[in-house]
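Residue-level structure breakdown
What follows is each chain in one-letter form.
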Amino acid sequence: MKKLLFWLWQWTWGFPQTVLGFIVFLICRKQPHGTYRGCITTRWNNRGSMGMGMFLFLGTEDAQVRVHEFGHSVQSLILGPLFLPVMGIPSILWCNIPYFRRMRKERGVSYYCFYPESTANRLGAWATGEKCELV
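Residues numbered from 1 in each chain as written. Predicted model: local features only at pLDDT ≥ 70, side-chain atom pairs only at ≥ 80, totals over all residues. Heavy atoms only, no water.

**What about the state of the cysteines?**
As enumerated under the stated definition, the model contains zero disulfides in all. Between Cys-95, a cysteine without a disulfide, and Cys-113, which holds the nearest cysteine sulfur, the sulfur-to-sulfur distance is 13 Å. (Disulfide = S-S within 2.5 Å.)

Here you go:
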């Protein structure tokens, strides 16, 4: 029942990011898939990981990364259609814009200190009861 409610909530309230996640899932359909706490996981050939609605794309098998990405799914449940502008887009920019990469490296700033990432850590740990101490 919980899983059904999770899916229903993601496909309605979290529709924009879940549809985007589904599109990426279709693109990566030949990659290995699994499930984690109601989410569909894909182990993709990418250096990073990403959570979009009920779809988690994992670049590593690290359990803390999986909990962190699940935290993005919890953000999606809470924010619904506001997830992309409030959490998703800032997270993608923080990860991929060369200026931010260089700044993090030069100043020793953790990737996980930015609010979408630190919030995903906390929400993922809270929702799963597992550790997420990514710094």
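**Regarding the pattern of salt bridges**
Taken as a whole and assessed by the stated rule, the structure comprises two salt bridges. Where Arg-37 meets Glu-130, a salt bridge forms, and the shortest distance between an N and an O atom there is 3.2 Å. With Arg-37 in the loop between strand E1 (33-36) and strand E2 (39-43) and Glu-130 in the segment after helix H6 (115-128), the pair connects residues that are 93 residues apart, well separated along the chain. Since its relative accessible area comes to 42%, Arg-37 is described here as partly exposed. Two residues, Glu-61 and Arg-43, come together in a salt bridge whose shortest N-O distance is 2.8 Å. With Glu-61 in the loop between strand E4 (55-58) and helix H3 (63-79) and Arg-43 in strand E2, the pair connects residues that are 18 residues apart, well separated along the chain. Residue Arg-43 is classed as partly exposed on the basis of its relative accessible area of 29%. (Salt bridge = Lys/Arg side-chain N within 4 Å of Asp/Glu carboxyl O. Helix = DSSP H or I, 4+ residues; strand = E, 2+ residues; numbered from the N terminus. Buried < 20%, exposed > 50% of the residue type's maximum accessible area, 1.4 Å probe, protein only.)

**Description of the packing of aromatic side chains**
In total, this model carries 15 aromatic pairs according to the counting rule given. Relative to Phe-70, the ring of Phe-6 lies with its centre 6.3 Å away and its plane at 20 degrees, an arrangement referred to as stacked. Remark: Phe-70 occurs in helix H3 and Phe-6 occurs in helix H1 (residues 2-12); sequence separation between them is 64 residues. Among the residues examined, Phe-6 registers a relative accessible area of 11% and is labelled buried. Arranged with centres 6.3 Å apart and planes meeting at 45 degrees, the rings of Trp-9 and Trp-13 form a pair that is tilted. These aromatic residues form a ring-pair network of at least three members: Trp-11, Phe-15, Phe-22, Phe-25 and Phe-55. (Phe/Tyr/Trp six-rings, centres within 6.5 Å; stacked < 30°, edge-to-face > 60°.)

Geometry only, nothing functional implied.
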